[in-house]
Amino acid sequence: NAPASLTNTATVAGGGEANTANNSASDPTTIVPVADLTLSKTHTGSFTQGQSGATYTLTVTNSGTGPTIGTVTVTDTVPTGLTATAIAGTGWTCAQPAGPCTRSDALIAAASYPALTLTVNVAANAPASVTNTASVAGGGETNTANNSASDVAAVTQVADLTLASTHTGDFTQGQTGATYTLTVTNSGTGPTI
């Protein structure tokens, strides 16, 4: 957050000199403003095992004092339990289905690019929580300590019912009281509701 210009002044003294009028010097320096990219990441709604079309929103912001220079790249690491199906955003060029996404137009200070939307499917056996992490790079920035963002989404666990039917012995014509045993099993990860 340095100002647009600084002046450094130095002074010499001592040595038994008599003329002190020329004992200081100043050097004005121009400070070139630089970009500082940050990334925010959020998800929409709640996730459920077996769900299709769950979405994340990724937004790149220039928190620096100058515009970006060159290519900006966003990379998303989709965790186990999710499968990316598409990623897109106005002005972005994205490899499908999960990126990376790039653009080269300058982003001025305190502004954001149009958001990226990442669409994913949730596996039928996804864990109860998934953490999706993305990062941004490039743009001529020098501070890379704030270039990633993670989003934790809870995944609703669902039931998976199976039915087994068994009987004992053979049945005969005219028999009464023949029985079947029906067994319902929940092989899912969540309770029935």
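Scroll up to find the structure.
Notes on the structure in this doc start here.

Here is what the cut-offs are and how they apply
All residue numbers here refer to positions counted from 1 along the written sequence of the relevant chain. Thresholds applied to this predicted model are a pLDDT of at least 70 for local features of residues and 80 or more for the giving and counting of side-chain atom pairs; totals over whole chains, interfaces and linings are not thresholded and use all residues. To get the side-chain values, all heavy atoms of the structure are used, and hydrogens and water are removed first. Aromatic pairs are defined between Phe, Tyr and Trp rings, using the six-membered ring for Trp, whenever the two ring centres lie within 6.5 Å; interplanar angles under 30 degrees are classed as stacked, those over 60 as edge-to-face, and all others as tilted. A helix here means a DSSP run of H or I that spans at least four residues, while a strand means a run of E at least two residues long, and both kinds are numbered starting from the N terminus. Think of it in three bands: residues with accessible area under 20% of the maximum for their type are buried, residues over 50% are exposed, and the middle band is partly exposed, with areas taken using a 1.4 Å probe on protein chains only. Only Lys NZ and Arg CZ are tested; either one counts as a charge over a ring when it is within 6 Å of the ring centre and within 35 degrees of the ring normal. Think of it this way: DSSP has to see at least two bridges between two strands before they count as a pair. Residues enter a nonpolar core if they are buried and are Ala, Val, Leu, Ile, Met, Phe, Trp, Tyr or Cys, with the set joined through side-chain atoms within 4.5 Å. Two residues qualify as a contact provided that any one of their heavy atoms is within 4.5 Å of a heavy atom in the partner residue.

**Comments concerning the packing of aromatic side chains**
Part 1 of the reasoning: Taken as a whole and assessed by the stated rule, the structure comprises 2 aromatic pairs.
Part 2 of the reasoning: Geometrically, the ring pair formed by Trp92 and Tyr113 is edge-to-face, given 5.4 Å between the ring centres and 75° between the ring planes. Within this pair, whereas Trp92 is found in the loop between strand 7 (82–88) and strand 8 (93–94), its partner Tyr113 is found in the loop between strand 9 (101–103) and strand 10 (116–122), the two being separated by 21 residues in sequence.
Part 3 of the reasoning: Residue classification places Tyr113 among the buried residues on the basis of a relative accessible area of 4%.
Part 4 of the reasoning: The residue whose ring lies beneath Lys41 is Tyr56, and the NZ or CZ to ring-centre distance is 4.6 Å.
Part 5 of the reasoning: It is Arg103 that lies over the ring of Trp92; its NZ or CZ is 5.1 Å from the centre.

**Things to note about the sheet that holds strand 8**
Part 1 of the reasoning: A sheet is described by the order of its strands in space; here 6 strands give the open sequence 4-12-11-6-9-8, paired in mixed fashion. Only two strands of the sheet have a single partner each, and these edge strands are strand 4 (47–48) and strand 8.

**Focus: the nonpolar core**
Part 1 of the reasoning: The biggest cluster of nonpolar side chains holds 30 residues, and the ones touching the most others in it are Phe47, Tyr56, Leu58, Val60, Trp92 and Leu116.
Part 2 of the reasoning: Among the secondary structure elements, those contributing two or more residues to this core are strand 3 (37–44), strand 5 (54–62), strand 6 (72–77), strand 7, strand 10, strand 11 (129–138) and strand 12 (148–156).
Part 3 of the reasoning: Setting aside residues up to four positions removed in sequence, Leu58 forms contacts with Leu39, Ser40, Lys41, Val74, Asp76, Ala115, Leu116, Leu118 and Ala134.

**Thoughts on the environment of Thr93**
Part 1 of the reasoning: Counting through the fold element by element, Thr93 comes out in strand 8.
Part 2 of the reasoning: Taking the relative accessible area as the measure of exposure, Thr93 reaches 56% and is therefore exposed.
Part 3 of the reasoning: Expressed as a C-alpha distance, the spacing of Thr93 and Ser104, which sit 11 residues apart in the sequence, is 9.7 Å.
Part 4 of the reasoning: The contacts of Thr93, once residues within four sequence positions are left out, are Pro100, Cys101 and Thr102.

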